[in-house]
Amino acid sequence: MADRHRGISREAREPDEQNRKEETVAINFKNTTWESVSEGQELPVLEFGPLTATNLLFDASGTRDSYPIHHDRDFARANGVPDIFVNTQWYQGLLGRYATDWGGPESFLRSLSFDMRAPNHPGDLLNVHGSITRKYEQDGQKRVDLDVRIDNEGGTDTVVARMTLELI
Amino acid sequence: MATETARDTKAKDEAAPFLNTPGPTSYSRAEVTAPMVWNYCESVEDANPVYWDEEYAARSRFGRLIAPPQMIMTASSGHWWAPDYIREAERRAAEERGESPSGKVQAIVRKHGYTVATNVTREDEFVEPYGPGDGRLKMTAHISEVTEEKQTRVGKGVFITTITEYHTEKDDRLVVRSTNILLMYNSSEPRE
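J.: Even after reading the chapter, I still don't get the interface of chain A and chain B, so can you show me in this structure?
T.: Accessible area lost on assembly of the parts is the figure often given for the size of an interface. Taken together, the 36 residues of chain A in the interface contact 36 residues of chain B. Interface area for chain A against chain B, summed over the two sides, is near 3,100 Å², with a carbon-plus-sulfur share of 53%. Measuring nitrogen to oxygen at the nearest pair gives 3.4 Å for the salt bridge that ties B:Arg61 to A:Glu166. Our count for the chain A to chain B interface comes out at 11 residue pairs in polar contact (both at pLDDT 80 or more). Elements with a minimum of two residues in the side of chain A that touches chain B: helix 2 (53–63), helix 4 (88–103) and strand 2 (108–116) of chain A. Among the elements that take part in the side of chain A that touches chain B, helix 4 of chain A stands out by supplying 10 residues, more than any other.

Structure (structure tokens):
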């Protein structure tokens, strides 16, 4: 923390010190309102990676998937794939995160389905992007349908997802 | 030479009595807990405070910490390892529950030569939030459709649609409904 103040005058520093508690304690995640969005709108891009073997360790333990093809390189190669790759449950997590990162903490995922078309291995940099395909009300909920895709540096549409997100 | 014949409906017809019959109820290995939620969020770096911050979550419209709804497969997964006496107790419990309709239908479909299984799609519908405090997840599945034989890229096969409903153990709320389509095919006759 000391380095942060190097070269800054005491006068300039003090308000920062005073405000610091509030800055670090308050959580102010923005919610996207249903009224403010429109069909065809592009969502912000999320980059994840490049993936490492450690990400795959977090994947196996966090999603409780012990199938060796996702964490054992020798096993993966013996089974016809060049390397370990992230699993179905991890994509569920990343896609859900992508939707609520944009929708905000008050948004709620209402449905999720996706196709996995090509694997993502260590070294791959994931680019998650999407758009609103439909905006409507159903069961008293303000909903948007999303078309979300995961590309990597080598190709597009490694994962193609259809999601419904409820906004406030 | 390709002669159009009536599509084979033998597996479909034999499976018909087992459709839409709820199978035995089973439970997830563990209760949904905050550490389980955090482990999951760590893996995809999900910072949503309704998963992490009890005070924030209490002020949100959910009123409490919730699990990412998309965590349902993880939350309902089994042991990686368990002592023999636990495994044995689980095996006995499964035996008492009896064979699931999915098991029966898959056996019928296999008998007709469609022996290789591959998942085609899964769609999860998140009916209500669930989270720490709801206890374990209670699962019940039924088969809603077995198709007539269809020609696919990998061979002739039938598509089996299974619907699984997840309820909370504590207050028996329906929280997730998932629809899974499985292709079972005969790999000895791929499309020419």
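J.: I would appreciate a short explanation of the packing of aromatic side chains in the present structure.
T.: Aromatic rings in a pair are described by how distant their centres are and how their planes are angled relative to each other. Residues and elements named next belong to chain A. Scanning the entire structure with this criterion turns up six aromatic pairs over all chains. An angle of 85 degrees between the planes, with centres 5.1 Å apart, marks the rings of Phe48 and Trp90 as edge-to-face. Within this pair, whereas Phe48 is found in strand 1 (residues 46–48), its partner Trp90 is found in helix 4, the two being separated by 42 residues in sequence. Measuring from centroid to centroid gives 6.4 Å for Tyr91 and Phe114, while their planes differ by 70 degrees, and the two rings are edge-to-face. With Tyr91 in helix 4 and Phe114 in strand 2, this residue pair connects regions lying 23 residues apart in the sequence. For the pair shown, Tyr91 and Phe114 are each scored as buried. Every member of this aromatic cluster is reached through a ring pair, and the members are Phe48, Trp90, Tyr91 and Phe114.

Rules used throughout
Residues numbered from 1 in each chain as written. Chains lettered and ligands numbered in written order. Predicted model: local features only at pLDDT ≥ 70, side-chain atom pairs only at ≥ 80, totals over all residues. Heavy atoms only, no water. Contact = heavy atoms within 4.5 Å. Buried area = accessible area lost by both parts, 1.4 Å probe. Salt bridge = Lys/Arg side-chain N within 4 Å of Asp/Glu carboxyl O. Polar contact = N/O pair within 3.5 Å; in protein donor to acceptor, adjacent residues only side chain to side chain. Helix = DSSP H or I, 4+ residues; strand = E, 2+ residues; numbered from the N terminus. Phe/Tyr/Trp six-rings, centres within 6.5 Å; stacked < 30°, edge-to-face > 60°. Buried < 20%, exposed > 50% of the residue type's maximum accessible area, 1.4 Å probe, protein only.

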